[in-house]
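# Report on the structure
Listed below, chain by chain, are the residues.
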Amino acid sequence: MATRLNPVDVVLVGFGWTASIIAQELTDEGLQVLALERGVDRATVPDFSTTHIQDELRYAVRGGLFQAPVRETLSFRNTRDQTALPMRHLGSFRPGAGVGGAGVHWNGQTWRFLPDDFVLRSHTEERYGADFIAPDITIQDWGVSYDDLEPYYDRFEYLCGVSGTAGNVGGSLRQEGNPFEGARRRDYPLPPLERSAGSLMFDKAARELGYHPFPAPAANTSRPYKNPLGVQMGQCTYCGFCEWFGCGNNSKASPQSTILPVLLKKDNFSYRSGCDVMRVKLDNTGKKAKGVLYRDLEGREYEQPAQLVILCAFAHHNVHLLLLSGIGRPYDPVSGTGVTGRNYAYQITSSVEAFVDELINPYMGAGALGQAIDEFNTDNFDHGPEGFIGGGYIALWTTGGRPITQHHLPKDAPKWGAGWKKAMSENYLKSVSVATHGSVVSHRGAYLDLDPSYKDAYGNPLLRLTFDFHDNDYRMSEFLTGKAEGIAKAMKPRSINVNKRKKPYSIVPYQTTHNTGGAIMGDDPRTSVVNRYLQSWDVPNVFVVGACNFPQNAGYNPTGTVGALAFWAADAIRKMYLKNPGPLIQT
Ligand SMILES: Cc1cc2nc3c(=O)[nH]c(=O)nc-3n(C[C@H](O)[C@H](O)[C@H](O)COP(=O)(O)OP(=O)(O)OC[C@H]3O[C@@H](n4cnc5c(N)ncnc54)[C@H](O)[C@@H]3O)c2cc1C
Ligand code: SF4
């Protein structure tokens with residue numbers, strides 16, 4: 001029997017990026033807000049102090065900050081005719097657990113999606129005709145436009161102190177920035193990071209080929225920065241221990257380095273770590289949430305009543321909670337009906353390693369230090385002759401040169417022994433990787449549902465992931481990889497390795513933690529879980545926030561858009577929902 005706790009106005013499930021933003025906004029409105037986080041408590045001091053965070057074995061190899069599959073996992077299969085098995089090791093993607101969520105150990109590559117990304121279906125039909133979209137591709141428009149989200153992108157970038165060079169300010173194109181980006185209201189808050197030797201090499205090669213390279217936008221601060229909340233961030237030291245690590249320097253934007261110093265001082269905010277939410281509790285009508293049910297680390301069960309429930313638990317967990325709670329009709333891939341779990345997508349990456357004569361010094365890096373081109377993203381080029389939808393950016397990142405996991409060797413180098421050591425010493429300082437980061441279109445056969453066989457420690461069915469890249473994605477990736485190879489060759493290297501994405505999708509090698517869909521937004525309750533304000537169509541006092549809202553995945557990393565959506569939803573709650581609680585869009 002669950003212990004019933006004192007009610008609050010708002011309960012947030014999870015305490016990562018989205019929950020922190022929403023908590024800050026709704027406490028400003030005077031609401032009593034509580035965040036429940038399944039993982040441990042974490043603060044910059046002492047958890048990320050530079051004396052121990054740079055332990056590659058503990059954090060990069062053993063995943064010290066990630067969700068531990070021994071506590072929570074999901075089952076996986078490529079296609080519906082296979083039997084899904086539980087993932088005993090999280091390889092391909094590594095969600096966060098603990099205060100700050102994956103915002104603690106992300107890189108900080110902070111992109112805006114392009115205007116066309118938000119209207120992918122209608123734009124594609126208009127430019128190429130409806131027949132261009134294969135029948136099993138289920139892409140759809142978002143229900144919000146780039147212009148709707150632009151002020152909220154701006155808020156996220158200024159919150160984080162993003163370093164970059166604007167390409168389009170108010171419609172006026174800027175040299176050195178991304179000429180393809182949507183119009184922004186002002187420059188980035190900080191100038192770009194210092195260029196690495198690899199970035200300069202990429203820049204030169206890309207320009208020779210007629211492209212327009214630009215510094216990738218980075219939530220790693222190029223200068224000391226005080227954000228609009230008055231939180232001071234330090235200047236990045238290019239320590240190279242960014243991705244998969246916390247930042248002891250308060251230079252990588254995270255909830256801890258941007259919001260929590262203000263939020264945690266508020267009397268109307270509280271959080272509890274070690275609290276695993278298992279259900280949204282609905283009333284007898286099934287149309288109203290009464291709060292959530294959770295267990296603490298000892299397995300004791302609690303009911304936390306709340307007026308408003310906001311799921312901020314990352315893409316997978318948001319969908320899992322919706323399915324366990326019976327919110328939204330589960331998606332059925334056979335009939336193509338139902339919504340919860342529909343349009344799961346991911347990202348498709350590849351790389352071309354280049355072995356050069358110049359010294360690159362890769363250990364001086366930062367999580368989002370890179371130079372990129374956007375010529376082949378979204379619809380920045382004519383897809384007609386190519387016959388696929390989507391695209392991606394191509395970039396050379398200098399994220400670091402950690403000894404265990406960050407080094408490149410030519411294909412023919414020995415795999416161990418004295419020969420391996422020799423090859424390593426010859427190549428460690430003289431290699432770069434040109435990476436492609438591509439979109440994945442949503443597909444009828446890619447979805448999330450409840451596993452019929454496997455259960456977690458509490459007897460709840462595991463979330464089951466059914467996913468493979470499809471022909472469209474492989475062709476797109478092949479195309480992008482060819483362009484990356486062209487840039488790598490223009491660097492005049494000694495040799496290159498071309499690493500194409502292999503079939504089928506494998507959960508073993510790390511790719512990205514850019515899992516999207518399953519609780520998508522839209523303007524039609526028959527094809528979306530939440531409306532344009534991220535409010536559940538079925539249970540209006542439940543909002544769902546995160547990359548699970550993306551109807552398909554774009555070619556960019558997601559968190560710029562996830563942050564913008566969190567501000568957007570919070571604004572809708574503040575300005576509309578609180579004045580008149582109920583559906584914000586009538587059906
Ligand atoms: C290694 C890595 C590198 C990345 N780099 C980039 C990058 O460079 N650029 C980019 O755009 N994105 C990047 N990302 C993705 C980025 O971290 C996420 O998009 C972002 O953190 C999502 O914010 P969120 O609030 O949705 O989820 P999170 O920040 O992950 O927070 C969700 C929180 O909810 C908690 N939770 C889950 N289920 C429950 C439950 N049932 N009960 C209670 N709590 C729960 C989790 O423990 C977690 O703390 C990266 C991710 C990883 C893992
Ligand atoms: S590279 Fe910069 S932002 Fe990243 S962890 Fe090091 S100091 Fe922090």
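Note that the coordinates shown come from a computational prediction; the quantities given were computed from them, not determined experimentally.

What counts and what doesn't
- Residues numbered from 1 in each chain as written.
- Chains lettered and ligands numbered in written order.
- Predicted model: local features only at pLDDT ≥ 70, side-chain atom pairs only at ≥ 80, totals over all residues.
- Heavy atoms only, no water.
- Helix = DSSP H or I, 4+ residues; strand = E, 2+ residues; numbered from the N terminus.
- Buried < 20%, exposed > 50% of the residue type's maximum accessible area, 1.4 Å probe, protein only.
- Contact = heavy atoms within 4.5 Å.
- Near = heavy atom within 4 Å.
- Polar contact = N/O pair within 3.5 Å; in protein donor to acceptor, adjacent residues only side chain to side chain.
- Areas by Shrake-Rupley, 256 points an atom, 1.4 Å probe, with all protein chains shown as cover.
- Salt bridge = Lys/Arg side-chain N within 4 Å of Asp/Glu carboxyl O.
- Nonpolar A, V, L, I, M, F, W, Y, C, P; charged D, E, K, R; others polar.
- Pairing = 2+ DSSP bridges.
- Phe/Tyr/Trp six-rings, centres within 6.5 Å; stacked < 30°, edge-to-face > 60°.
- Lys NZ or Arg CZ within 6 Å of the ring centre and 35° of its normal.
- Axes fitted to C-alpha atoms, helices over the stretch in contact; angles between N-to-C directions.
- Core = buried A, V, L, I, M, F, W, Y, C linked by side-chain atoms within 4.5 Å.

## Looking at the side chain of Q406
Mapping Q406 onto the fold places it in the loop between β17 (392-397) and α10 (417-427). Residue classification places Q406 among the buried residues on the basis of a relative accessible area of 15%. Those residues in contact with Q406, other than ones at most four positions away along the chain, are E56, G240, T399, G400, G401 and Y428.

## Describing the site of ligand 1
Taken together, 37 residues lie near ligand 1, and T18, E37, R38, Q109 and T559 sit nearest. Between ligand 1 and E37 there is a distance of 2.6 Å, counted from an oxygen atom to a side-chain nitrogen or oxygen. Between Q109 and ligand 1, the recorded distance is 2.8 Å, taken from a backbone N or O atom to a nitrogen atom. Contact with the protein chains hides 98% of the accessible area of ligand 1, taken as 1000 Å² for the molecule alone.

## Quick word on the pattern of salt bridges
Inspection of every chain in the model, using the stated rule, returns 34 salt bridges. The partner of R155 in a salt bridge is E25, and the shortest N-O contact between them spans 2.9 Å. Linking R155 in helix α5 (residues 146-160) with E25 in helix α1 (residues 17-28), this pair joins segments that are 130 residues apart in sequence. The exposure class assigned to R155 is partly exposed, which follows from its relative accessible area of 33%.

## Looking at the side chain of D451
Relative to the elements of secondary structure, D451 occurs in strand β19 (residues 447-455). From its side chain, D451 meets the backbone nitrogen of S453 in a polar contact 2.7 Å long. If sequence neighbours within four positions are ignored, D451 has contacts with S75, A84, P461, L462 and R464.

## Quick look at the site of ligand 2
In the vicinity of ligand 2, 13 residues are found, and the nearest of them are C236, C239, F241, C242 and C247. Within the shell around ligand 2, the residues separate by chemical class into six nonpolar, six polar and one charged.

## Regarding the sheet that holds strand β20 (residues 461-466)
Read from one edge to the other, the open sheet built from four strands follows the order β5-β4-β20-β19, with strand pairing classed as mixed. Edge positions in the open sheet fall to β5 (85-86) and β19, since each of these has one partner strand only. Note: strand β4 (residues 74-77) against β20, four bridges, orientation parallel. Looking at the pairing, S75 lines up with R464 of β20.

## Some words on the packing of aromatic side chains
Across all of its chains, the model carries 43 aromatic pairs by this definition. Measuring from centroid to centroid gives 5.7 Å for Y331 and Y447, while their planes differ by 65 degrees, and the two rings are edge-to-face. Highlighted residues: Y331 in the loop between α9 (315-325) and β15 (348-355) and Y447 in strand β19, separated in sequence by 116 residues. This pair shows no difference in class: Y331 is buried, exactly as Y447 is. One aromatic cluster is present, formed by W111, F113, F118, W142, F214, Y393, W397, F550 and Y556 through successive ring pairs. Above the ring of W244, the side-chain terminus of R94 is found at 5.2 Å from the ring centroid. Sitting above the plane of the Y474 ring, K503 keeps its charged end 5.0 Å from the centroid.

## What about the sheet that holds strand β21 (residues 495-499)?
Backbone hydrogen bonds hold the strands of a sheet together, and the pairing may be parallel or antiparallel. Taken together, the six strands give an open sheet; going across it, the order is β8-β16-β17-β18-β15-β21, and neighbouring strands pair in antiparallel fashion. Edge positions in the sheet fall to β8 (214-215) and β21, since each of these pairs with one other strand and no more. As defined by bridge partners, β17 adjoins strand β18 (residues 431-438) across five bridges and the pair is classed as antiparallel. Bridge pairing in β18 links L396 to V434. Across the face of the sheet, helix α11 (residues 471-490) comes into contact with β15, β16 (370-373), β17, β18 and β21 while running at roughly 20 degrees to β15.

## Here's the deal with the nonpolar core
Across soluble globular proteins, nonpolar side chains show a tendency to be buried alongside one another. Counting residues in each nonpolar core, the largest one holds 153 residues, and the members touching the most others are L12 and I310. Here the element with the most residues in this core is helix α12 (residues 559-577); it accounts for eleven residues. Not counting residues within four places of it along the chain, the set of residues in contact with L12 comprises A19, I22, A23, V33, L34, A35, L36, I310 and C312. Membership of the second largest hydrophobic core comes to ten residues, among which are F48, I53, A60 and F241.

## Digging into the pairing of β18
Of all eight residues making up β18, eight are buried, and the element is well covered by its neighbours. Because side chains alternate across β18, one face comprises the buried residues S431, S433, A435 and H437, and the other comprises V432, V434, T436 and G438, equally buried. Pairing of β15 with β18 involves eight bridges; the strand directions are antiparallel. Within β18, the position partnered with F355 by the bridge is S431.

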